[in-house]
Amino acid sequence: MPSFFTQHRCRANLRSCARMCGVLAAILLFTVPCAANAQDSLVVLVNNISISGEFSLRGLTAAFPYPVMTVMTVIDRAGNPIIGLADTLRWLGPQDRAENGSPIPQIWKRLLEYHRDNPSLPLDPDLFNQRPGPLFTEVRWTNPVATSTMLVMDVSSSMREELPEAKEGVIAFLDQLHSLDRAGVIQFCAAIRELRPFTNDKNALKANVAAAEYCNGTAIYDALMTAIQETKLENNRRAIILYTDGEDTRSALSYEAVIDSAKFYNIPIFTIALGAQIDTAILQQIAAQTGGLFFQTSDAAEFKAVYERLAALLQNFYVMAHGSPDPVRNGTWRVVDVTIGDPIRPGKGKGEYFVPAGPALQPTDLELTMTSITSRVVSENGRIINAVQPGEGYKYSLRVHNRGPEQAQSIILAHVLPDSVRFIQATASPFYVKNDSLAWQILKLNAGSTDSITVTVQLASQVPQTLQKLISRANIFAANDNSPANNSAADTVRVVFPAPPLLPTDVAVNVTSRTDTTIIENGRVVNATKPGQPYAYTIELRNLGPARAENIHLRQSLPDSVRFISASRTPVAAAGDSLIWQIPQLEAGTDDSITVTVQLAPNVPPEMQLLITKVDLFAANDNSPGNNSATDTVRVVFPAPPLLPTDVAVNVTSRTDTTIIENGRVVNATKPGQPYEYTIELRNLGPARAGNIHLRQSLPDSVRFISASRTPVAAAGDS
């Protein structure tokens, strides 16, 4: 359809501006923002600037001072939306390229924010100089996000002839909406005749429009103010569309009040004037100053085309998220000044938003920590370090803690992954994902509170052998964090490459206790310890062969109430009741041992009778797990009440089959190979009972024990 644009920010009379910038072509006239150069071939409508959570998109929610979120519609001078200046799936930063292949800074050339009433403030208005830098994303009709549009219909009696075509145009707009879009309808004449609140029920809205009937009077400004009050409550991309064929004759409010209110709530108003005789100056001004467009047609039959064009404009747009260069809530109007394009197709646009006065943000202190989580570890210089093999997945835990004393606001968490590591998923979806960079927004974090995000990643399956370390870094930015020293974190994961296949072998483990106390239990000597006493364990490893054992992982679980004191080989980890050793290798047919000194707590309950320790062994090439675990039990003995003193005497007498006379005395004798006996006699001379008697006989050299009338609890060597 033939059409052209005039500039609507000219300072001169608006009608003379229209004459200067163009002439009415065919039946339809659009007016668009003025630019410094009237030959600019692109038009940028800057509107819907959000700072208070009223707009969210792709993981970001509007906040002040970051992110200020600005909706921008870019069209050519024929009114067609320009696409490809960002990305329809994600946010792009200054280092990225848009869908059309151009670097972001070459498209979004000059981005400024300054005070409307004092453009010299702030000192550095360039948005590319702020941290974080500006981000851009694109929304198209084909990948929609929710919009909210209030359709304001003039049903005054002068519209009697054109009302059917007007209804057709509004219904055509509703037909273009997606299921997630919301719309409302206001019908007015001298007053509001019908108000249909926002809904996504298109059929109900279309029925309401179809039932519209004309009435007398025209109260345009009152109807628009009602539309603003309804639309300001919506959290989507918001707009108001008005058509009328006359001048306001009944409103209690002024058009200036409408403009001020629409600007305050950042709601663009698109105005459509029907007829060539209508005074369009005020309708143009309303559209110009609120970030909308003005349309004029002399034929109501063209309403459908106008509304279809508007549907395309409202559902194809860009969103910029930026940090305000003046982060103070000081009751000022801010101008967002955008220049795009290249020397062949430049374009400019401006929008305004108001920052209410408020108390200055009080400083607080955010602390960031990052920890990797892997399924394997390596020992390096006596330390356990997380490790991963090529192709394996692992995780990072990012933890943001507000140390206080105030609530932290407008927090951005940025995470840079190591080379050759790709992002899989996170417990909270990042709003920015590009190659190795991720970013999240945390709107608020109370003093003393913590927020955590777990990120799942994967190391590429094919990486060079020179890649030894995976170093990941993270940073946080917050509007009121004045202590940057703890705003960064890093973590290193070792890359380990699979070794050649190992030959199977068999490693056995055994553990034996050594105590200063023993007791007799069922005729056996059992190691025992008393509360507060130290004792030891000897862990023995034996490689039964036939191959060298590799990467041996040894874990001892200590009994309850027993604490680790020392070991002949320092464990790589000692946490709670677990001790861990890493032994690189053990040759076939060789042994290794570790002595562990421990201590039983001095105060243990009487019911604690047994101290059971367990040792588990794992070797990379041990295919015989049956002997990879061992246990040992130590008895707990509690001190008995003090014993009364007594006197026990012992005597030993031999009895042989042979005797000899020696110095006039008969002496027992034996011949080589002959058996003989000893009688050991004990006598308690009193005055009290003797307890816990330990009797040891040492046999002569070359004499072996055969039997006894009472079986000894131990018979070893000559004892």
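Shown above is the structure to which this text applies.
Residue indices follow the written sequence of each chain, beginning from 1 at its first position. Two thresholds apply to this predicted model, a pLDDT of at least 70 for residue-level local features and 80 or more for giving and counting side-chain atom pairs, whereas whole-chain, interface and lining totals are computed over all residues. Hydrogens and water are ignored here; the side-chain numbers use all heavy atoms of the structure.

A few points about the packing of helix 3 (residues 163-175) against helix 4 (residues 202-210)
Item 1. For helices, the fitted line uses only the C-alpha atoms of the stretch in contact; every axis is such a line through C-alpha atoms, and the angle between N-to-C directions lies from 0 to 180 degrees. Every helix listed is a DSSP run of H or I at least four residues long, and every strand listed is a run of E at least two residues long, numbered separately from the N terminus. It is the contact of helix 3 with helix 4, at a shortest axis distance of 9 Å, that shows an interaxial angle of 175°. Relative to helix 4, helix 3 is oriented roughly antiparallel. Residue-level contacts link Lys167, Val170, Ile171, Leu174 and Asp175 of helix 3 to Lys202, Leu205, Lys206, Val209 and Ala210 of helix 4. Between 65 and 115 degrees an angle is taken as roughly perpendicular, under 35 as roughly parallel, over 145 as roughly antiparallel, and anywhere else as oblique. Whether two residues are in contact is decided by their heavy atoms, any of which lying within 4.5 Å being enough.

A short note on helix 5 (residues 220-231)
Note: α-helices contain 3.6 residues per turn, so residues at a spacing of three or four share the same orientation.
Item 1. Expected span of a helix: the number of residues minus one, times 1.5 Å. Across its twelve residues, helix 5 extends 16 Å between first and last C-alpha, which sits within 8% of the 16 Å expected from 1.5 Å per residue.
Item 2. Under the scheme applied here, a residue whose accessible area is under 20% of the maximum for its type counts as buried, over 50% as exposed, and between as partly exposed, the area being computed with a 1.4 Å probe on protein chains only. Among all positions in helix 5, only Ile220, Tyr221, Ala223, Leu224, Met225, Ala227, Ile228 and Thr231 are buried.

Remarks on the pattern of salt bridges
Item 1. Put simply, a salt bridge is a Lys or Arg side-chain nitrogen that is within 4 Å of an Asp or Glu carboxyl oxygen. Taken as a whole and judged by the stated rule, the model has 22 salt bridges.
Item 2. Residue glutamate 234 pairs with arginine 182 through a salt bridge whose shortest N-O separation is 2.7 Å. You can see glutamate 234 sitting in the loop between helix 5 and strand 12 (237-244) and its partner arginine 182 sitting in strand 10 (residues 182-188), a full 52 residues away along the chain.
Item 3. Overall, arginine 182 belongs to the partly exposed group, its relative accessible area being 27%.
Item 4. A salt bridge links aspartate 592 to arginine 569, with the nearest nitrogen and oxygen atoms 2.9 Å apart. Of this pair, aspartate 592 sits in strand 37 (residues 591-600) while arginine 569 sits in the loop between strand 34 (562-567) and strand 35 (573-575); the two residues are 23 residues apart in sequence, bridging distant segments of the chain.
Item 5. When its relative accessible area of 19% is taken as the criterion, aspartate 592 is described as buried.
Item 6. Arginine 569 sits in the partly exposed class, given a relative accessible area of 30%.
Item 7. Each member of the salt-bridge network shares a partner with another, and the members are Arg116, Asp117, Lys263 and Glu352.

Considering the packing of aromatic side chains
Given two aromatic rings, their pairing is described by the distance between the two centres and the angle made by the two planes.
Item 1. Aromatic rings from Phe, Tyr and Trp, taking only the six-membered ring of Trp, are treated as a pair when their centres fall within 6.5 Å; an angle between ring planes under 30 degrees marks them as stacked, one over 60 as edge-to-face, and anything in between as tilted. According to the stated counting rule, one finds twelve aromatic pairs in the structure shown.
Item 2. Taking the centre distance of 6.1 Å and the plane angle of 55° together, the rings of tyrosine 221 and tyrosine 255 count as tilted. In this pair, tyrosine 221 is assigned in helix 5 and tyrosine 255 in helix 6 (residues 255-264), connecting sequence segments 34 residues apart.
Item 3. Both rings, one in phenylalanine 264 and one in phenylalanine 354, keep their centres 5.8 Å apart while their planes meet at 40°; by these two values the pair is tilted. Placement of phenylalanine 264 in helix 6 and of phenylalanine 354 in strand 17 (residues 346-355) is noted, with a sequence separation of 90 residues between them.
Item 4. Taken together, the aromatic side chains of Phe173, Tyr243, Phe303 and Tyr307 make up a single cluster linked through ring pairs.
Item 5. Directly above the ring of tryptophan 333 sits lysine 263, whose terminal nitrogen or CZ lies 5.7 Å from the centroid. Charge-over-ring contacts are defined here by two conditions on Lys NZ or Arg CZ: a distance within 6 Å of the ring centre and an angle within 35 degrees of the ring normal.

Let's talk about the state of the cysteines
Item 1. Whenever a pair of cysteine sulfur atoms sits within 2.5 Å, that pair is classed as a disulfide. A full pass over the atoms with the stated rule returns one disulfide.
Item 2. Across the disulfide from cysteine 189 sits cysteine 215; the S-S distance is 1.9 Å. Looking down the S-S bond of the cysteine 189 and cysteine 215 bridge, the torsion is -110°, so its handedness is left-handed. Here cysteine 215 lies in the loop between helix 4 and helix 5 and cysteine 189 lies in the loop between strand 10 and strand 11 (192-199), a separation of 26 residues in the sequence. Note on accessibility: cysteine 189 and cysteine 215 belong to one class, buried.

Quick look at the sheet that holds strand 26 (residues 450-459)
The strands that make up a sheet pair up through hydrogen bonds in the backbone, lying either parallel or antiparallel.
Item 1. When DSSP finds at least two bridges between two strands, those strands are taken to pair. Within the open sheet, the four strands sit side by side as 18-21-26-23. Their pairing is antiparallel. The open sheet terminates on both sides in strands that have one partner only, identified here as strand 18 (366-373) and strand 23 (421-426). Neighbour-to-neighbour, the strand axes of the sheet open up by a mean angle of 25°, direction not taken into account.

Some details on the packing of helix 5 against helix 6
Item 1. Two numbers describe how helix 5 lies on helix 6: the axes approach to 9 Å, and their chain directions differ by 15°. The pairing of helix 5 with helix 6 is recorded here as roughly parallel in orientation. Where helix 5 crosses over helix 6, the handedness of that crossing is left-handed. In this structure, helix 5 contributes Tyr221, Leu224, Met225, Ile228 and Gln229 to the contact, and helix 6 contributes Tyr255, Ala257, Val258, Ser261 and Ala262.
Item 2. Across the contact of helix 5 with helix 6, the residue classes tally to eight nonpolar, two polar and no charged. Handedness of a crossing is defined here by the sense of rotation of the near helix relative to the far one, left-handed for an anticlockwise turn of less than a right angle and right-handed for a clockwise turn. All amino acids are sorted into three groups, where Ala, Val, Leu, Ile, Met, Phe, Trp, Tyr, Cys and Pro are nonpolar, Asp, Glu, Lys and Arg are charged, and the leftover types, Gly among them, are polar.

Re the side chain of glutamate 138
Item 1. Relative to the helices and strands, glutamate 138 resides in strand 8 (residues 135-139).
Item 2. At 3.2 Å, the side chain of glutamate 138 forms a polar contact with the backbone nitrogen of glycine 84.
Item 3. The definition of a polar contact used here is a pair of N or O atoms within 3.5 Å, where within protein one atom must be able to donate a hydrogen and the other to accept one, and adjacent residues in sequence count solely through side-chain atom pairs. At 2.9 Å, the side chain of glutamate 138 forms a polar contact with the side chain of arginine 140.
Item 4. Apart from the residues within four sequence positions on either side, glutamate 138 is in contact with Arg58, Ile82, Ile83, Gly84, Leu85, Ala86, Asp87, Thr88, Asn143, Phe317 and Tyr318.

Some words on the nonpolar core
Item 1. The term nonpolar core refers to a set of buried residues drawn from Ala, Val, Leu, Ile, Met, Phe, Trp, Tyr and Cys, joined through side-chain atoms within 4.5 Å. Counting residues in hydrophobic clusters, the biggest one holds 37 residues, and the most contacted among them are Phe173, Ile241, Tyr243, Phe270, Ile272, Tyr307 and Leu310.
Item 2. Counting only elements with at least two residues in this core, the list comes to strand 3 (42-50), strand 9 (147-154), helix 3, strand 10, helix 4, strand 12, strand 13 (269-274) and helix 8 (303-314).
Item 3. Of all the elements, helix 8 adds the most residues to this core, at seven residues.
Item 4. Setting aside chain neighbours within four positions, we find isoleucine 272 in contact with Ile241, Leu242, Tyr243, Thr244, Phe295, Phe303, Val306, Tyr307 and Leu310.

A word on helix 4
Item 1. All of the buried residues along helix 4 are Leu205, Asn208 and Val209. The arc that holds every buried residue of helix 4, seen down its axis, measures 100°, which confines them to one face.
Item 2. Looking at the buried positions of helix 4, the neighbouring elements they touch are strand 9, helix 3, strand 10 and strand 11. Summarising the geometry, the arc corresponds to the directions from the helix axis toward the C-beta atoms.

Honestly, that's just the spatial picture; any functional story needs more than this.
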